[in-house]
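Spelled out, the chains give:
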Amino acid sequence: MENSNPLTLDGANLYLDGEAVSELIIPEGVTSIGNYAFCGTSFKSVTIPDSVASIGHAAFSGSAIERLVLNAALIDDSAFSNCTSLTSVTFKDGVRYINDSAFENCTALSSVTFGNGLLYVGDEAFRHTAVKNITLPASLRSIESTAFYSCESLPGV
């Protein structure tokens, strides 16, 4: 009997009926994304619903994501590190904590917009990115001294 499953996996690439899948839509109602869940995947577009409260350690590290809009209260260590195709991130008002190295080595990341609920930005959270300017919200309570370390496009860093 022949395999009737339309999904196949080849390394980091997922195929549906022989066509590469480039978009991941996480369904509403999912509340967390675990450690390493989509690490190294080839998804270019990822839709993360507002129901997701936390994104785990290295959950999307090294993936092919190009743009993100996030509302998860907690973005854990290295969650999106080494996503070298990532160009923009918008944090909605629900984002509270961006932990250490969350976006480290996202070398194409030039546009970052912070929401009004942000409380904390960790060490090296945006290290080695192409961020050009930032406006931090009044809600911010703590930003580690190396949060934007080695962001050569950012004036004064």
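What you see is a predicted model, and the numbers here were worked out from it, not measured in a lab.

Asks: Any chance you could explain the packing of aromatic side chains here in plain terms?
Replies: The description of an aromatic ring pair uses the distance of the two centres, along with the angle that the planes make with each other. A full pass over the atoms with the stated rule returns 10 aromatic pairs. Measuring from centroid to centroid gives 5.7 Å for Phe 91 and Phe 103, while their planes differ by 85°, and the two rings are edge-to-face. One end of the pair, Phe 91, is in strand S10 (residues 88–91); the other, Phe 103, is in the loop between strand S11 (97–98) and strand S12 (111–113), with 12 residues separating them in the sequence. The class of Phe 91 is buried, set by a relative accessible area of 3%. Since its relative accessible area comes to 0%, Phe 103 is described here as buried. For the ring pair Phe 126 and Phe 148, a centre distance of 5.1 Å and an interplane angle of 5° mean the geometry is stacked. Pair noted here: Phe 126 is in the loop between strand S13 (120–121) and strand S14 (142–143) and Phe 148 is in the segment after S14, with a separation of 22 residues, a long-range link.

Asks: Looking at this model, I keep getting lost on the pairing of strand S2 (residues 13–16). Mind explaining?
Replies: Here is the key point about a regular strand: its side chains alternate between the two faces of the sheet. Note that S2 and strand S3 (residues 19–20) share two bridges and pair antiparallel. Paired with Leu 16 across the strands is Glu 19, a residue of S3. What sits between S2 and S3 in their antiparallel hairpin is a turn of two residues, with Asp 17 showing a positive phi close to 50°.

Analysis parameters
Residues numbered from 1 in each chain as written. Predicted model: local features only at pLDDT ≥ 70, side-chain atom pairs only at ≥ 80, totals over all residues. Heavy atoms only, no water. Phe/Tyr/Trp six-rings, centres within 6.5 Å; stacked < 30°, edge-to-face > 60°. Helix = DSSP H or I, 4+ residues; strand = E, 2+ residues; numbered from the N terminus. Buried < 20%, exposed > 50% of the residue type's maximum accessible area, 1.4 Å probe, protein only. Pairing = 2+ DSSP bridges.

Scope: geometric values only; no functional claims are made or implied.
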